Amino acid sequence: MWWDERVSAQFRRNLQPTLTYWSVFFSFGLCIAFLGPTLLDLRCQTQSSLSQITWVFFSQQFCLLLGSCLGGVFKRTLSQSLFALFASSLAISLVFAIIPLCHNVVVLAVVMAVAGLAMGCIDTISNMQLVKIYQKDSAIFLQALHFFVGFGALLSPLIADPFLSDTNCILSNSTANSSSNLPHIRKSLVPHHPGNLSHYDLPMKGMVVTRVSYAFWIMALINLPVPIAVFFLLYKERMVPCLTGSSHPLLSADELAMETRPAEKDELPTTGQKPHGAGGHDDLFSCCQSKNFRGASYTYFAVHITGALVLFMTDGIVGEYSGFIYSYAVEEPLSVVHKVAGYLPSLFWGFITLGRLISIPVSYRMKPATMVFINVVGVLVTFLLLLIFSYSVVFLFVGTASLGLFLSSTFPSMLAYTEDILQYKGCATTVLVTGAGIGEMVLQLLVGSIIHDRGSYSFLVCGMIFGGLAFTFYLFLLFFHRMYPKPTSGLDDASPDKAAVTDDTGQYQR
């Protein structure tokens, strides 16, 4: 195997929980990408206007952000975390099954808000739990985790595509006039930004002929094994009421450390028993309590803030680029034909997924700090070249693929790096997940407004500015890392077992 025996042994010991968290993140990806392609059919199903249906986007994204903030509430014991993941993954399957029954846009928005809350909890809890299990070795497993969200995001549009309407799915007298514009409208829809589509006359009344319900029921079935997998982990951990008799709980992280270092069993530092050892994994509101700030240096806050700002920019770039690259390509000066431009978002997400797959072995050989540096510099250089060759359609495709590769591993690498700086104490996971979610929502709305006012060329200028800010914030993070106080534990910092005992909760505390 391309990793060493110690990491391999860790993976074997934690095989079931690791695979479970990966599968739950597949649910996250499956749910995050289906809305765009199916939104026109959902507009027909709810018989709403384009501007009304795009609020469904907003309800999902806003509640995803809210769920990310609140996800840390369920971290205090393994039981709470797993029950939250079980409820969230089951809720996603139920949402897929219920969507075909929503014939009112407000009801649909509420259902998508529930999906957003579930996705936010999954995002925060899965990242937290993998960091808790592997700590200093978490980078490689976080890369794999985020590969699964990319895989799910690629799969759901493929499932939906055969069931999307080729003609207007509301039959009326104006159907024939608007049917030819459907592919263009579908590719141009982004969260709460129908852009310049308001002049298209799409009927709101008539007979609905969409078949998109089958796509959602298929996705509900595909997702169903995920909550079942979480339930099996609950059962193995003897956390299911009335079913706790015969199975044996998995070892805690402290027990695993003692098992691998029996000679030092009595020499472990007592600081590992302090109740605040899990302080790195609170919800956002608990993180903001004044009791968590006592005795903290300014670099403690600076690391959290700069790390979150880097992800605010990079995840914001992912959201705005995937949302507006099609609209940019079909307008002057490129004027790419609609069908060809439609491949750009798929190319972008495809290379994000490919990059996450490549990053799994790379992250074992390369430090997270180095990977983030390569990512932010790559994003900045790619936008610079896109601006220089802004009249080249070929380079637009090359640049889109390059941007997907560089952005692919930024989040998991930054999470691993920041948690390592803070010695897995603080609020890094929650703050970073929240910062990334805010960036994805805010920058998409901001860029949409700027494009509407200033024209399509501002799309690349905004990307260049955001990339430059991400690089600047990363330099600040490196500076504050140098200033941050080093750990004073008697154990060797490079010891593979040190990380397992610094967090008193381990992975499997009840």
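The structure displayed is predicted, hence computed values, not measured ones.

### Some thoughts on the overall build of the protein
A count of helical and extended segments in the protein gives 22 helices and two strands. Expressed as a percentage of contacts within the protein between residues at least 6 apart in sequence, the contacts between residues at least 24 apart total 83%. Carbon and sulfur atoms provide 66% of the accessible area of the protein, an area that totals close to 20900 Å².

### A short note on unusual backbone geometry
For the bond running from Glu 332 to Pro 333, omega is 10°, close enough to zero to count as cis. With respect to the helices, strands and loops of the structure, Pro 333 is situated in the loop between helix H14 (298-330) and helix H15 (338-341). Look at Gln 47: it is not a glycine, yet its phi comes out positive at around 50°. Relative to the helices and strands, Gln 47 resides in the loop between helix H3 (35-46) and helix H4 (50-70).

### Re a nonpolar patch on the surface
Taken together, the side chains of Phe 62, Leu 66, Leu 70, Val 73, Phe 74 and Leu 117 make up a nonpolar region of the molecular surface, amounting to roughly 420 Å² of accessible area. Ranked by residue count, the leading element in the nonpolar patch is H4, at three residues. Following the sequence through the fold, Leu 70 ends up in helix H4.

### Details of the pattern of salt bridges
By the definition in use, this model includes three salt bridges. Among the ionic pairs, Arg 12 bridges to Glu 5, the shortest N-O distance being 2.7 Å. Judged by relative accessible area, Arg 12 falls into the partly exposed class, the value being 49%. Since its relative accessible area comes to 52%, Glu 5 is described here as exposed. Notably, a salt bridge pairs Lys 136 with Asp 420, separated by 2.8 Å at the nearest N-O pair. Of this pair, Lys 136 sits in the loop between helix H6 (105-134) and helix H7 (138-160) while Asp 420 sits in helix H19 (residues 410-421), and the two are 284 residues apart along the sequence. What makes Lys 136 partly exposed here is its relative accessible area of 37%. Assessed through its relative accessible area of 32%, Asp 420 is described here as partly exposed.

### Section: the packing of H14 against helix H18 (residues 393-408)
Where H14 contacts H18, the two axes come as close as 11 Å, and the packing angle between them is 160°. Here H14 lies roughly antiparallel to H18, going by the angle between them. Judged by the twist between their axes, the crossing of H14 over H18 is left-handed. Mapping the contact onto sequence places Thr 314, Ile 317, Val 318, Tyr 321, Ile 325, Tyr 328 and Ala 329 in H14 and Leu 396, Thr 400, Leu 403 and Leu 407 in H18.

### Comments concerning the side chain of Asp 137
Mapped onto the secondary structure, Asp 137 falls in the loop between H6 and H7. Look past the residues within four positions of Asp 137 in its chain and what remains in contact with it is Arg 6, Val 7 and Gln 10.

### Some remarks on the packing of aromatic side chains
Scanning the model with the defined rule gives 28 aromatic pairs in all. Considering the side-chain rings of Tyr 298 and Phe 480, the 6.3 Å spacing of their centres and the 80° angle between planes classify their relative orientation as edge-to-face. Of the two residues, Tyr 298 sits in helix H14 while Phe 480 sits in helix H21 (residues 458-483), which places them 182 residues apart along the sequence. With relative accessibility at 51%, the residue Tyr 298 sits in the exposed group. Overall, the relative accessible area of 14% leaves Phe 480 in the buried class.

### A few points about the side chain of Ser 88
Summarising the element assignment, Ser 88 is placed in helix H5 (residues 78-98). Judged by relative accessible area, Ser 88 falls into the buried class, the value being 6%. Among the polar contacts made by the side chain of Ser 88, one reaches the main-chain carbonyl oxygen of Ala 84 at a distance of 2.8 Å. Setting aside residues no more than four positions away along its own chain, Ser 88 makes contact with Ala 118, Cys 121 and Ile 122.

### Comments concerning the confidence of the model for the protein
Regions with low pLDDT carry predicted coordinates that are not meant to be interpreted in detail. In this model, the protein carries an average pLDDT of 79, and 75% of its residues clear a pLDDT of 70 or more. Segment residues 245-281 is flagged for pLDDT under 50; beyond a separation of four residues in sequence, or across chains, it makes 72 contacts in the model. pLDDT under 50 marks residues 489-510. Its contacts with residues more than four places away, or in other chains, come to 65 contacts.

### Description of the environment of Leu 145
Inspection of the secondary structure assignment puts Leu 145 in helix H7. Leu 145 sits in the buried class, given a relative accessible area of 0%. Spatially, the C-alpha atom of Leu 145 lies 8.8 Å from that of Thr 18, the residues being 127 residues apart in sequence. Aside from chain neighbours lying at most four places away, what touches Leu 145 is Tyr 21, Trp 22, Phe 25, Ser 126, Asn 127 and Leu 130.

### Here we look at H5
Helix length check: H5, at 21 residues, gives a terminal C-alpha distance of 30 Å against a target of 30 Å (1.5 Å per residue), a fit within 8%. Among the residues of H5, Leu 78, Ser 81, Leu 82, Ala 84, Leu 85, Ser 88, Ser 89, Ala 91, Ile 92, Ser 93, Val 95 and Phe 96 are the ones counted as buried. Where H5 is buried, its residues touch helix H2 (15-32), H6, helix H10 (213-223) and helix H11 (225-236).

### Describing the packing of helix H17 (residues 368-388) against H18
Two quantities define a packed helix pair, namely the angle between the helix axes and the distance between the axes. Two elements in contact, H17 and H18, have axes whose closest approach is 9 Å; the angle formed by their N-to-C orientations is 165°. The orientation of H17 relative to H18 falls into the category roughly antiparallel. Here H17 and H18 pass one another in a crossing that is left-handed. Only Phe 395, Leu 396, Gly 399, Ser 402, Leu 403, Phe 406 and Leu 407 of H18 make contact with H17, whose side of the interface consists of Ile 374, Asn 375, Gly 378, Val 379, Thr 382, Phe 383, Leu 385 and Leu 386. Tallied by class, residues from the contact of H17 with H18 come to 10 nonpolar, five polar and no charged.

### Description of the environment of Ser 49
Tracing the chain through its elements places Ser 49 in the loop between H3 and H4. Between the C-alpha atoms of Ser 49 and Val 105, which are 56 residues apart in sequence, the distance is 9.5 Å.

### Let's talk about the environment of Ile 317
Along the chain, Ile 317 turns up in helix H14. Along the sequence, Ile 317 and Glu 440 sit 123 residues apart, while their C-alpha atoms lie 7.2 Å from each other. Setting aside its immediate chain neighbours within four residues, Ile 317 contacts Ser 322, Val 379, Phe 383, Leu 407, Leu 443, Gly 463, Phe 466 and Gly 467.

Reading the values: the criteria
Residues numbered from 1 in each chain as written. Predicted model: local features only at pLDDT ≥ 70, side-chain atom pairs only at ≥ 80, totals over all residues. Heavy atoms only, no water. Helix = DSSP H or I, 4+ residues; strand = E, 2+ residues; numbered from the N terminus. Contact = heavy atoms within 4.5 Å. Areas by Shrake-Rupley, 256 points an atom, 1.4 Å probe, with all protein chains shown as cover. Patch = residues over 30% accessible without salt bridge, like charges linked within 9 Å, V, L, I, M, F, W, Y side chains within 5 Å. Salt bridge = Lys/Arg side-chain N within 4 Å of Asp/Glu carboxyl O. Buried < 20%, exposed > 50% of the residue type's maximum accessible area, 1.4 Å probe, protein only. Axes fitted to C-alpha atoms, helices over the stretch in contact; angles between N-to-C directions. Parallel < 35°, antiparallel > 145°, perpendicular 65-115°, else oblique. Left-handed = near helix turned anticlockwise from the far one by under 90°. Phe/Tyr/Trp six-rings, centres within 6.5 Å; stacked < 30°, edge-to-face > 60°. Polar contact = N/O pair within 3.5 Å; in protein donor to acceptor, adjacent residues only side chain to side chain. pLDDT = per-residue confidence, 0-100. Expected span 1.5 Å × (residues − 1). Nonpolar A, V, L, I, M, F, W, Y, C, P; charged D, E, K, R; others polar.

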